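Working through the structure, step by step
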Amino acid sequence: MTPFDTSTTDRLLSTTRSVRRRLDFDRPVDPDVLRDCVRLAAYAPNASNAQDWRWVIVTDTEPRAAIADHYRAGIVPPMQELLDRRRADGDAAGVRHSEAVLYLAERFHEVPALVIPCIRGQLDPNLDLAWTASLFGSILPAVWSFQLALHSRGLASTFTTTHLLAAGEVAALLDIPDDYLQTCLIPVAYLRGGDLKPPDRRDPDEIIAWNTWA
Ligand SMILES: Cc1cc2nc3c(=O)[nH]c(=O)nc-3n(C[C@H](O)[C@H](O)[C@H](O)COP(=O)(O)O)c2cc1C
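Here's what I pulled together on the structure shown here. (Residues numbered from 1 in each chain as written. Predicted model: local features only at pLDDT ≥ 70, side-chain atom pairs only at ≥ 80, totals over all residues. Heavy atoms only, no water.)

The side chains of a regular strand alternate, residue by residue, between the two faces of the sheet. For strand 6 (residues 186-191), the buried fraction is high: six of the six residues fall into the buried class. Pairing geometry for strand 1 (residues 23-24) and strand 6, over two bridges, is antiparallel. Of the residues in strand 6, the one forming a bridge with Leu23 is Leu191. Pairing between strand 3 (residues 113-120) and strand 6: three bridges, direction antiparallel. (Buried < 20%, exposed > 50% of the residue type's maximum accessible area, 1.4 Å probe, protein only. Helix = DSSP H or I, 4+ residues; strand = E, 2+ residues; numbered from the N terminus. Pairing = 2+ DSSP bridges.)

We describe a pair of aromatic rings using the distance from one ring centre to the other and the angle between the two ring planes. Across all of its chains, the model carries three aromatic pairs by this definition. Centroid distance Trp55 to Phe146: 5.2 Å. Interplanar angle 50°. Geometry classified as tilted. In this pair, Trp55 is assigned in strand 2 (residues 53-58) and Phe146 in helix 6 (residues 140-152), connecting sequence segments 91 residues apart. Under the relative-accessibility criterion, Phe146 is labelled buried at 0%. Arranged with centres 3.9 Å apart and planes meeting at 10°, the rings of Tyr71 and Phe108 form a pair that is stacked. Here Tyr71 is found in helix 3 (residues 61-89), whereas its partner Phe108 is found in the loop between helix 4 (92-106) and strand 3, with 37 residues between them in sequence. Overall, the relative accessible area of 3% leaves Tyr71 in the buried class. (Phe/Tyr/Trp six-rings, centres within 6.5 Å; stacked < 30°, edge-to-face > 60°.)

This paragraph deals with the side chain of Thr183. Here Thr183 shows up in the loop between strand 5 (180-182) and strand 6. For Thr183, a relative accessible area of 5% puts it in the buried group. Here Pro117 takes part through its backbone oxygen, which lies 2.7 Å from a polar atom of the side chain of Thr183. Apart from residues lying up to four places away in sequence, Thr183 is in contact with Pro117, Ile119, Phe136, Ile139, Leu140, Thr161 and Leu164. (Polar contact = N/O pair within 3.5 Å; in protein donor to acceptor, adjacent residues only side chain to side chain. Contact = heavy atoms within 4.5 Å.)

Moving on to the pattern of salt bridges. A full pass over the atoms with the stated rule returns 11 salt bridges. Across the pair Asp36 and Arg153 runs a salt bridge whose closest N-O atoms are separated by 3.4 Å. Placement of Asp36 in helix 2 (residues 31-41) and of Arg153 in the loop between helix 6 and strand 4 (155-157) is noted, with a sequence separation of 117 residues between them. Look at Asp36 and you get partly exposed, because its relative accessible area is 24%. With a closest N to O distance of 3.0 Å, Arg72 and Asp69 form a salt bridge. Within this pair, Arg72 and its partner Asp69 are both found in helix 3, separated by three residues, close to a single helical turn. In the salt-bridge network here, residues are joined through shared partners; they are Asp36, Arg39 and Arg153. (Salt bridge = Lys/Arg side-chain N within 4 Å of Asp/Glu carboxyl O.)

The immediate surroundings of the ligand are formed by 14 residues, with Ser18, Arg20, Tyr71, Thr162 and Arg201 found nearest. At 2.9 Å, a backbone N or O of Phe159 approaches a nitrogen atom of the ligand. Residue Arg201 places a side-chain N or O atom 2.8 Å away from an oxygen atom belonging to the ligand. Against a free-state accessible area of 630 Å², the protein chains account for coverage of 67% of the ligand. Sorting the residues of the shell around the ligand by element identifies helix 3 and helix 4 as the ones contributing at least two each. (Near = heavy atom within 4 Å. Areas by Shrake-Rupley, 256 points an atom, 1.4 Å probe, with all protein chains shown as cover.)

A separate point is helix 4. Its 15 residues place the ends of helix 4 21 Å apart at the C-alpha level, agreeing with the 21 Å of an ideal helix rising 1.5 Å per residue. Of all the positions in helix 4, only Gly94, Val95, Ser98, Ala100, Val101, Leu102, Tyr103, Leu104 and Ala105 are classed as buried. On the buried face of helix 4, the contacting elements are strand 1, helix 3 and strand 6. (Expected span 1.5 Å × (residues − 1).)

Leu23, Ile67, Ile116 and Leu174 are the most contacted members of the largest nonpolar core, which totals 32 residues. In this structure, Leu174 is in contact with Val56, Val58, Pro63, Ile67 and Ile116, ignoring residues within four places of it in sequence. Judged by nonpolar contacts, the second largest core, of 25 residues, contains Cys37, Val38, Val115 and Val143. (Core = buried A, V, L, I, M, F, W, Y, C linked by side-chain atoms within 4.5 Å.)

Glancing now at the environment of Val101. Within the secondary structure layout, Val101 lies in helix 4. With a relative accessible area of 5%, Val101 lands in the buried category. Ignoring sequence-local partners within four residues, the contact set of Val101 consists of Arg20, Ile75 and Met79.

Structure representation (structure tokens):
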């Protein structure tokens, strides 16, 4: 007997996908559900248990539209270029991915909730790897917990970083103070249709190095 029903937990872990085409743009997201998912996310590990994070949840129409413009400016030109290359190469899976990314970009302003997890800290090229890892490592596990909690409640999301190309503009728009760093942006909506399928991933034996790299 395992302490959890692993058929359920394994299904959650393997089917929490990046959802773009199946977001329900018409159904507002219940703030209580978002609050509950942030509550669960906050159980994640974080350096020194400082919990110096702030989850900025944007549901108002105007800031969502402004953020969507920044997002599109960052992602559409390179993704269109990648799509063209993938088409030329006959890369069907790559084409599907690029088309889905462009679809989400086009409708980004319609996503009911844009969630920006922030952590107190500064990026500094003089900081060592350990410091930088502990900065992002103090929030990204919580972000994934947040996405799992959303999925288990019938919502869907995608981990994105593109808006960070305009992090300064978005910070100004949302009054995010200088001592906080935006780490990503999670568009959140209810999932349309049935549950998701596990994606293709590399086999563990291809990616594990036991005891030594070789
Ligand atoms: C660091 C990082 C940045 C990402 N940025 C974006 C993004 O800006 N836009 C987007 O649509 N997807 C983004 N993704 C999602 C990936 O495209 C996605 O996780 C990957 O294609 C695997 O698909 P899956 O999550 O459905 O298994 C990002 C993922 C990661 C981990």
